[in-house]
Protein chains: 2
Amino acid sequence: MTPLPPADPRDIASLEPVLIVGTGLIGASIGCALTSQGVEVHLWDLDPANAMVAAGRGAGMLSQLDPGDYRLVVVATPPGAVAATVAERLRWHPSAVVTDTASVKSAVLSALRETELDLSRYVGSHPMSGTQYTGPLTAVPELFVDRTWVVTPRHENSAESVERVRRLARLCGARTVSLDTREHDTAVAEVSHLPQLMSILTAANLRHAQRSHLPLAGGGIRDVTRIAQSQTGMWRQILTANRPAVREQLSQVREDLDTLIGVLDNPDELESFLAMGRAGARSLGGKHGKEMSETTTVVVEIPDQPGALARLFADIDRLGVNIEDLSVEHDQARDAGFLSIEVDRTRADDLRAWMREHHWGLRS
Amino acid sequence: MTPLPPADPRDIASLEPVLIVGTGLIGASIGCALTSQGVEVHLWDLDPANAMVAAGRGAGMLSQLDPGDYRLVVVATPPGAVAATVAERLRWHPSAVVTDTASVKSAVLSALRETELDLSRYVGSHPMSGTQYTGPLTAVPELFVDRTWVVTPRHENSAESVERVRRLARLCGARTVSLDTREHDTAVAEVSHLPQLMSILTAANLRHAQRSHLPLAGGGIRDVTRIAQSQTGMWRQILTANRPAVREQLSQVREDLDTLIGVLDNPDELESFLAMGRAGARSLGGKHGKEMSETTTVVVEIPDQPGALARLFADIDRLGVNIEDLSVEHDQARDAGFLSIEVDRTRADDLRAWMREHHWGLRS
């Protein structure tokens, strides 16, 4: 895991002491990140054993301060308990900004609005990370490094309240993104909740398959169905909280599915549909949102000499560029062979220089 | 990659010399595997540059024998050309068993039946492997090691013909599975073609998403949409060839999708649906079809000593068992903590012995 970046001491001074309420994987990992940055953190959990384990992982102290002393309270309980806990903590900690880590924001806000509390000190947030595990035992300080942490500020929040939550995210090494509450819920329905359900649908369909067919499963279906193995109890809460946005996504897919069934007999239209999927997958870019770079093609002449190809492969291998695709073309007129090498655009010049240096002919 | 297993000399003697027709990634990799096992392999490709590259990778010789000398001909052309090429080779090579590597078998067989050739020497097969690349440049002898290679024998085939194709698969290090032609196509629709289209549908749906939402994409959607990036031209051919089975799978999913939309407002029914997906994903088992083993729980008492948890984690880490899940329980009556560790059933006794050896108390 990438280590935490160094903290700005002003970030620390402006938000400690911090209280974390709910010390599962997320709460305990936030605690571990903050304490390793030198922030004073206190822990509370409905289940004392959970808080004890979190403290054992280095997430903070079990002792509690006077309720008025906290500057930031992070509510990281299971989704169903978030709104009530935030309301309670707004009442108990008059000097604190209260944030939460729930992955659906509208439901929490609606429930809070029914309490008629002043919500100017509540700033919603959603750290987008997690592992296959739950509970504080697998908490690590690096869980949020380079991950997206959405903050959902509202007009009634003061700039200082919002900034306190952004500092929290920065201290955990995350990249902050600000979104309107409702827009956040649409975005997570698109990029997280719908994919989860598509994985579930794919995996559920295997109930119709004979057991003897399963050995034919390769890497593809394993990738598609990996997240279908997630905890059903947690997803039940998330999907229920975000069902208007989830329903809209499922309806869109239902239309596409009908279109797809309709074009199965028309290879050209089918391929256009496949291309639309390919474009969508590529729009996600590289790991953790790094833009997928464009590629360019470098064409090298294959000389008519014994062993030429073997030497050519060896020279390309030694430069160590990441090859996206390879193909061989044959020029009938000149009876010459060419090797087309598709590489990241930023590395193409390196590859060209390297090939020239090693006496290979390039086609410009 | 796992190296090729040693070959049985009788396997080699009974099928060489081999002719590979179509030296793309699959044909060239079969050639590389066979030559590295000591089998005499000859190569042919419509594009001489392709065959030249395959020979350069060690897939076999470019020289051709007398057509009557070959004992096994492997047709590994693009899907659209398989049936015509198999027919042609059955005519040209009277002593050879002819097999192909197409990923849909009914379409090939139907086309061959229209030729009114004697098909007793044709045995269909489908080596289930591949990479993101195409073409012979990335061919490797280990491509099929521990992968499934489906053979689709028919009544008219002699036992010796079928066995020759099974030997081919064994020499490439693959595990053979025999399936009826139509059943094979149903099975690949279930475990490969449907997941491909579910990945496409998930990725295509991103066209509705605002660009500013994409940074929220995490590992889940990347897993689900990874295969949507595959070559659209190849999938157009595969899906078109298998469209009756693919249509049936899509219709099943369409019904499930309607069910899912219907249960969104009912958390219990929603969770049952999610559980059906989870069971499906788990039915696939581990990597490359290795049965997903059942887990069992080992419970260790957490002593009431400072640093006990840290020492406990360290001791578990050192044994290096793969931990499937962890949780802490608290015994209110005894005021004691317990750590539940879920591990592969085959490793549970090791873990228990190890923990006892390191003086930890176990709850039986």
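Residues numbered from 1 in each chain as written. Chains lettered and ligands numbered in written order. Predicted model: local features only at pLDDT ≥ 70, side-chain atom pairs only at ≥ 80, totals over all residues. Heavy atoms only, no water.

Caption draft 1: Spatial organisation of the overall build of chain A. When helices and strands are counted, chain A shows 13 helices and 11 strands. Against the compact-globule benchmark of 21 Å for 364 residues, chain A has a radius of gyration of 26 Å, which places it well outside the compact range. For chain A, the spread of C-alpha atoms along the principal axes amounts to about 85 × 50 × 45 Å. Classification of the 364 residues of chain A by burial places 52% in the buried group. Within chain A, counting contacts between residues at least 6 apart in sequence, those at least 24 apart form 71% of the total. (Helix = DSSP H or I, 4+ residues; strand = E, 2+ residues; numbered from the N terminus. Rg over C-alpha atoms; globule rule 2.2 N^0.38 Å. Buried < 20%, exposed > 50% of the residue type's maximum accessible area, 1.4 Å probe, protein only. Contact = heavy atoms within 4.5 Å.)

Caption draft 2: Molecular detail of the interface of chain A and chain B. Facing 110 residues of chain A, the contacting portion of chain B comprises 109 residues. Overall, the association of chain A and chain B removes approximately 10,300 Å² of surface from exposure, summing both partners, and the carbon and sulfur fraction of that is 65%. Remark: the boundary between chain A and chain B carries 14 salt bridges. In this structure, R207 of chain A engages D256 of chain B in a salt bridge whose closest nitrogen and oxygen atoms are separated by 2.8 Å. Scanning the region where chain A abuts chain B turns up 30 residue pairs in polar contact (both at pLDDT 80 or more). At 17 residues, the largest contribution of residues to the side of chain A that touches chain B is made by helix 7 (residues 181-204) of chain A. A breakdown of the residues in the side of chain A that touches chain B according to their chemical character gives 55 nonpolar, 31 polar and 24 charged. (Buried area = accessible area lost by both parts, 1.4 Å probe. Salt bridge = Lys/Arg side-chain N within 4 Å of Asp/Glu carboxyl O. Polar contact = N/O pair within 3.5 Å; in protein donor to acceptor, adjacent residues only side chain to side chain. Nonpolar A, V, L, I, M, F, W, Y, C, P; charged D, E, K, R; others polar.)

Caption draft 3: Highlighting helix 9 (residues 232-241) of chain A. Turning to helix 9 of chain A, its buried residues number three or more, namely T232, W235, I238, L239 and T240 of chain A. On the buried face of helix 9 of chain A, the contacting elements are helix 7 and helix 10 (243-263) of chain A together with helix 11 (267-283) of chain B.

Caption draft 4: Just the relation of the copies chain A and chain B, in detail. Once turned by 180 degrees and shifted 0.1 Å along the axis, chain A lies on chain B with an RMSD of 0.3 Å. Such a combination of rotation and displacement between the chain copies is what one expects of a two-fold axis. Of the C-alpha atoms belonging to chain A, the one lying closest to the rotation axis is found on V224 of chain A, 2.0 Å away. With an isologous cut-off of 70% or more, the 99% of interface residues of chain A that recur at the interface of chain B puts this contact in the isologous class. (Least-squares fit on C-alpha atoms with pLDDT ≥ 70 in both.)

Caption draft 5: The nonpolar core, seen in detail. Grouped together as the largest cluster of nonpolar side chains are 50 residues, with contacts concentrated most on L250 and L260 of chain A together with L250 and L260 of chain B. Secondary-structure elements contributing two or more residues to this core are helix 7, helix 9, helix 10 and helix 11 (267-283) of chain A together with helix 7 (181-204), helix 9 (232-241), helix 10 (243-263) and helix 11 of chain B. Ignoring anything within four residues of it in the chain, the contact list for L260 of chain A reads L270 and F273 of chain A together with L197, L201 and L250 of chain B. (Core = buried A, V, L, I, M, F, W, Y, C linked by side-chain atoms within 4.5 Å.)

Caption draft 6: Local environment of the sheet that holds strand 2 (residues 41-44) of chain A. Residues and elements named next belong to chain A. Strands sit in the order 2-1-3-4-5-6-7 across an open sheet of seven strands; the sheet is mixed. Edge positions in the sheet fall to strand 2 and strand 7 (175-178), since each of these pairs with one other strand and no more. Averaged over neighbouring strand pairs, the angle between their axes works out to 25 degrees when direction is ignored. Inspection of the sheet shows strand 6 (residues 148-152) paired to strand 7 by four bridges, in the parallel sense. Of the residues in strand 7, the one forming a bridge with T148 is R175. (Pairing = 2+ DSSP bridges. Axes fitted to C-alpha atoms, helices over the stretch in contact; angles between N-to-C directions.)

Caption draft 7: Representation of the environment of L15 of chain B within the structure. Residue and element names in this part refer to chain B. Position of L15 relative to the elements: it lies in helix 1 (residues 9-15). A relative accessible area of 0% means that L15 is categorised as buried. Taking the C-alpha atoms as reference, L15 lies 16 Å from C32; in sequence the two are 17 residues apart. What L15 contacts, discounting residues up to four positions off in sequence, is V39, R71, L72, R164, R167, L168 and L171.

Caption draft 8: Looking closely at the sheet that holds strand 3 (residues 72-75) of chain B. Residues and elements named next belong to chain B. Overall, mixed pairing links the seven strands, which are arranged 2-1-3-4-5-6-7 in an open sheet. The open sheet has two free edges, formed respectively by strand 2 (41-44) and strand 7 (175-178), since each of these has just one partner strand. Adjacent strand axes in the sheet meet at a mean angle of 25 degrees, parallel and antiparallel pairs treated alike. Contacts between helix 2 (residues 25-36) and the sheet are confined to strand 1 (18-21), strand 2, strand 3, strand 5 (122-127) and strand 6 (148-152), with strand 1 contributing the most and set at about 160 degrees to the helix.

Caption draft 9: Geometry of the pairing of strand 5 (residues 122-127) of chain A. Residues and elements named next belong to chain A. Burial of strand 5 is extensive: six of the six residues sit out of reach of the surface. Burial along strand 5 is two-sided: Y122, G124 and H126 facing one way and V123, S125 and P127 facing the other are all buried. Relative to strand 5, strand 4 (residues 97-100) runs parallel, the two being bridged by three bridges. In the strand pairing of strand 5, T99 is matched with V123. On the question of chirality, the crossover connecting strand 4 to the parallel strand 5 by way of helix 5 (residues 106-113) is right-handed. (Right-handed = clockwise from strand over helix to strand, strands pointing away.)

Caption draft 10: Layout of the packing of aromatic side chains. Using the criterion set out here, one finds two aromatic pairs over all chains in the structure. Judged by centre distance (5.3 Å) and plane angle (55 degrees), the ring pair of F144 of chain A and W149 of chain A falls under tilted. (Phe/Tyr/Trp six-rings, centres within 6.5 Å; stacked < 30°, edge-to-face > 60°.)

Caption draft 11: Examining the packing of helix 7 of chain A against helix 9 of chain A more closely. All names here are of chain A. Where helix 7 contacts helix 9, the two axes come as close as 11 Å, and the packing angle between them is 125 degrees. Taken together, the axis directions place helix 7 and helix 9 in an arrangement best described as oblique. Our pair here, helix 7 against helix 9, has a crossing hand that is left-handed. Residues S192, H193, Q196 and L197 of helix 7 form the contact with helix 9, whose participating residues are W235, I238 and L239. Grouping the amino acids of the contact of helix 7 with helix 9 by side-chain chemistry returns four nonpolar, three polar and no charged. (Parallel < 35°, antiparallel > 145°, perpendicular 65-115°, else oblique. Left-handed = near helix turned anticlockwise from the far one by under 90°.)

Caption draft 12: Expanded view of the pattern of salt bridges. With the rule as written, the count across this model stands at 42 salt bridges over all chains. A salt bridge links R167 of chain B to E160 of chain B; its shortest N-O distance comes to 3.5 Å. Taken together, the shared-partner salt bridges connect D11, E160, E163, R164, R166, R167 and R170 of chain A into one network.

Caption draft 13: How the structure looks around the state of the cysteines. All names here are of chain B. Counting across every chain of the model gives zero disulfides over all chains. In this structure C172 is a free cysteine whose sulfur lies 10.0 Å from that of C32, the closest cysteine sulfur available. Among the residues examined, C172 registers a relative accessible area of 0% and is labelled buried. (Disulfide = S-S within 2.5 Å.)

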